[in-house]
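One-letter residues, chain by chain:
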Amino acid sequence: MPHEKSATRRAGDLAGFAALTADLGLLYGGDYNPEQWDRRTWREDIRLMAGAGVNLVTVGVFSWARYEPRPGAREFAWLDEVLDLLGAAGIAVDLATPTASPPPWLGRLHPDTLPVDADGVRLVAGSRNQFSPASRVYREHALAITRDLVERYAGHPAVRMWHVGNELGQVCYGDESAAAFRRWLRARYGTVEALNEAWATTVWSQQYASFDEVLPPRRMPYHVNPSQSLDFRRYSSDQLRTLYREQRDVIRAVDPERPVTTNLMGFFALADYWSWARDLDVVADDAYPDPGDPRSPADAALTADLMRSLGGGRPWMLMEAAVGAVSWRDHNLPRSPERSRREALQAVAHGADGVCYFQWRASRAGAERFHSAMLPHAGADTRVHAGVVRVGGDLARLRDVVGQRVPARVVALFDWESWWAAEEQARPTGRLRTLDVLRAWYRVLWDAGVAVDLVHPDDLAITGSAGYDVVLVPQSYLLSPEAADALGRAASRGASVVVGCFTGVADRDAHVRTGRFPVLLADLLGVSGEEWAALPDAGVPLAGPLVGPDEPADAGPRAHVLGELLRTDGAEVLASYAVGHLAGAPAVTRRRVPRSDGVATAADAGCAWYVGTVLPEPLLRRVLADACERAGVSGVVPGLADLPDVEAVRRGDHLFVLNHSGAAAHVRIPGEHSDVLSGSVFTDLVDVPAGDVVVLTERNA
Ligand code: GLA
């Protein structure tokens, strides 16, 4: 489908979720899989949940085979008992449709329900996700069990929320999927001629005589047509969204009140969550930052900001996280209780109104037997469980945060279609990764305590970027004319606009725009290019005012990965290539943009930067600091960038300071504040021990 342009793309009616959190406070709990345990254990679970401050559990994610052990059977009595026990203890239930793992009989009776990979291999039962999203038979069975479950439990007082499937992400290349892909293409293009045009099938003799000849991009002898591949990604995302929607509709028909959601996976490559977000009553995310990656606190913050932005700024929830180690990486570093607590509070700082884990009780067997849980194999008398109890207490103390917003004056453009198209096969460099660039730019602002929203480029066009003073375009390979206009309008009302390399390269069909690039932005930027040039492994030294006069050309900062042969037309050159293929060409430029409202002073002008390469961090920091300064944007805490790995986020009237570093931080924050978590009072200087978090409110405010 063409991207649907509407402000309502964002998560719609949050009344149900807002009502839930107004009642329960910040949500706290996890996936609960009672089908793995006996009745006596259920009672112990619920007693310990209550002791840990758990107020919500997600039940039934993988219970289909227990409900329907034989085709058409319904065995719900055990769930009646579980829900009654939870309800009696005052623990709310997020009841899942069990559709992520059909019983083995479904694949045996109907092999077409099983997914087929790009090599034509049909996958089998024995794990999970063994369904083809296009399979009519799978969908009929999924809707039938969903309907019976919802009709039985919609009136149950413990059920307060609905959870569709689990991490919808299955892609299928089989025959039924091929037919569905063709239907999707017909709806998009109408005629095969239009499809041929969009896919540029004159290249390599790919012209189709009819839709019937078209296939998903299965294994091919050589490079895939990038437009075909892009459309298959769009189709696959839409197909998964259809699964969500049809189960959601079954729920809605019975229960119009309670919020319905599914668990997203951050920057997940197989689904365009901008197009999904308006279907979710609350955006929910599963996040498993790698404790072994020193950059994960900043990356996790970015993902959290994406989740907040998908919901148009409204509260979201962390649906799954790990209390300790996961078990699905090759080498699973543990997460200390302090780190786990920090990650929970970080999500809340960035707008989450709930923190839940996978899972409540550690499985004794099965694929996830070594995955951490809120209640480990060793039981409640453990460091991990003590940490869980502590977080429960913290979240209860933060009740006033519920519903509060995170204000941001900086926005970064990001969209899945651009990401997909930019990383198709056969391009100037395989080393330029959209997310790497986005993360690098974000990290600079995170370090400085500057809040960032994310936006789909076409939504920027709709809103006219109202409210944002700095607009970042780290890398938007596909850029619509409307989005390009919106960037121009932002700069001409005084905003700083910063555009990164390999942006605006192609149109929505992934055809390269001809002319000096970035074609749609060259006037705004006052610079344009004619060649992309992958840079040597060692990088290329830069010179110019951004670099400073004292840097020796051979030991100074270098451009990496990709450069562009640029020529200025009205922009000032801040850095240029010192040697090599691009010697003398501009690498970073800045142009003052006159204000459209006639305000003429230089100080009030907007500014447009072009960063035509991947800059080393210190230079990127200078560019982004300049952009923020000119727009009058500063961090929530002055001087934060001098305190490595200390994060500060304002949410409503709470200021969260999270010390991800291994050393105590002394943070200058003028005024008298108290820490909601510890009760400590600080005047002008706030001490945050290594690994700790404070949540400040102004005293006598
Ligand atoms: C995902 C899934 C869970 C579980 C966890 C393990 O979040 O939704 O079912 O497998 O991963 O980390």
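Located above this text is the structure these notes cover.
Basis of the calculations
- Residues numbered from 1 in each chain as written.
- Predicted model: local features only at pLDDT ≥ 70, side-chain atom pairs only at ≥ 80, totals over all residues.
- Heavy atoms only, no water.
- Pairing = 2+ DSSP bridges.
- Helix = DSSP H or I, 4+ residues; strand = E, 2+ residues; numbered from the N terminus.
- Contact = heavy atoms within 4.5 Å.
- Axes fitted to C-alpha atoms, helices over the stretch in contact; angles between N-to-C directions.
- Buried < 20%, exposed > 50% of the residue type's maximum accessible area, 1.4 Å probe, protein only.
- Parallel < 35°, antiparallel > 145°, perpendicular 65-115°, else oblique.
- Nonpolar A, V, L, I, M, F, W, Y, C, P; charged D, E, K, R; others polar.
- Near = heavy atom within 4 Å.
- Polar contact = N/O pair within 3.5 Å; in protein donor to acceptor, adjacent residues only side chain to side chain.
- Areas by Shrake-Rupley, 256 points an atom, 1.4 Å probe, with all protein chains shown as cover.
- Phe/Tyr/Trp six-rings, centres within 6.5 Å; stacked < 30°, edge-to-face > 60°.
- Lys NZ or Arg CZ within 6 Å of the ring centre and 35° of its normal.

1. Some remarks on the sheet that holds strand β12 (residues 470–473)
What the 9 strands build is an open sheet, ordered β11-β10-β12-β13-β20-β19-β18-β15-β16; its pairing is mixed. Each end of this open sheet is capped by a strand with a single partner; those strands are β11 (452–455) and β16 (558–559).

2. Structural notes on the side chain of aspartate 31
For aspartate 31, the position within the fold is in strand β1 (residues 27–32). Excluding residues that lie within four positions of it along the chain, aspartate 31 makes contacts with Thr58, Val61, Glu320, Tyr357, Phe358, Gln359 and Trp360.

3. Points about the sheet that holds strand β2 (residues 56–59)
Ordered by their spatial adjacency, 9 strands build an open sheet running β5-β4-β3-β2-β1-β9-β8-β7-β6, and the pairing between neighbours is parallel. Two strands in the sheet have a free side with no partner beyond their single neighbour: β5 (260–261) and β6 (263–264). The pairing of β1 with strand β9 (residues 352–357) spans 4 bridges and is parallel. Bridging from a neighbouring strand, tyrosine 28 pairs with valine 355 of β9. On top of the sheet, helix α12 (residues 337–349) reaches β8 (316–320) and β9; it is set at about 150° to β9, its chief contact.

4. Overview of the pairing of strand β25 (residues 693–698)
With 5 of 6 residues buried, β25 is to be regarded as a mostly interior element. Both strand β22 (residues 654–659) and β25 contribute to a ladder of 4 bridges, which runs antiparallel. Bridge pairing links leucine 658 to valine 693 in β25. Two strands pair when backbone bridges link them, and strand β23 (residues 665–675) and β25 are joined in this way by 3 bridges, in the antiparallel orientation. Considered in β25, the bridge of serine 674 is made with threonine 697.

5. Concerning the environment of glutamate 320
Tracing the sequence through the fold places glutamate 320 in strand β8. Residue glutamate 320 is classed as buried on the basis of its relative accessible area, which comes to 5%. Through-space distance from the C-alpha of glutamate 320 to that of alanine 533 is 42 Å; in sequence the pair is 213 residues apart. Discounting chain neighbours no more than four positions away, the residues touching glutamate 320 are Asp31, Asn166, Glu167, Asn263, Asp285, Asp286, Ala287, Tyr288, Cys356, Tyr357 and Phe358.

6. Observations regarding the packing of helix α11 (residues 296–310) against helix α15 (residues 434–447)
The N-to-C vectors of α11 and α15 enclose an angle of 100°; their axes lie 9 Å apart at closest approach. With respect to α15, the element α11 is oriented roughly perpendicular. Of the residues in α15, those in contact with Pro297, Ala298, Asp299, Ala301, Leu302 and Asp305 of α11 are Leu438, Arg439, Tyr442, Arg443 and Trp446. Looking at the contact of α11 with α15 residue by residue, the classes come out as 7 nonpolar, no polar and 4 charged.

7. Some words on the site of the ligand
In the vicinity of the ligand, the contacting residues are Phe62, Arg128, Asn166, Glu167, Asn263, Asp286, Tyr288, Glu320, Trp328, Phe358, Glu368 and His371. The contact in question runs from an oxygen atom of the ligand to an N or O atom on the side chain of asparagine 166, over 2.9 Å. Contact between the ligand and tryptophan 328: an oxygen atom at 2.8 Å from a side-chain N or O atom of the residue. In the complex, 97% of the free accessible area of the ligand, which totals 310 Å², lies under the protein chains. The residue inventory of the shell around the ligand, partitioned by class, reads 4 nonpolar, 3 polar and 5 charged.

8. Topic: the pairing of strand β15 (residues 540–543)
Along a regular strand, successive side chains alternate from one face of the sheet to the other. The sheet contact formed by β15 and β16 spans 2 bridges and is antiparallel. Bridging from a neighbouring strand, proline 541 pairs with arginine 558 of β16. Pairing analysis gives 2 bridges linking β15 to strand β18 (residues 572–577), with the strands arranged antiparallel. By the bridge assignment, leucine 542 is partnered in β18 with tyrosine 577.

9. Some remarks on the packing of aromatic side chains
Considering all chains together, one arrives at 24 aromatic pairs under this definition. Judged by centre distance (5.6 Å) and plane angle (35°), the rings of phenylalanine 232 and tyrosine 235 are tilted. Here tyrosine 235 and phenylalanine 232 lie together in helix α9 (residues 226–254), a separation of 3 residues that amounts to about one turn. Classification of phenylalanine 232 by relative accessible area gives buried; the value is 3%. Taking 5.8 Å as the distance between ring centres and 90° as the angle between the ring planes, the aromatic pair formed by tyrosine 288 and tryptophan 328 counts as edge-to-face. With tyrosine 288 in the loop between β7 (284–286) and α11 and tryptophan 328 in the loop between β8 and α12, the pair connects residues that are 40 residues apart, well separated along the chain. Take tyrosine 288: its relative accessible area is 14%, and that puts it in the buried class. Aromatic rings pair up to connect Tyr173, Phe181, Trp184, Trp199, Tyr208, Phe232 and Tyr235 into one cluster. Here the guanidinium or amino end of arginine 361 rests over the ring plane of tryptophan 37, the centre of that ring lying 5.2 Å away.

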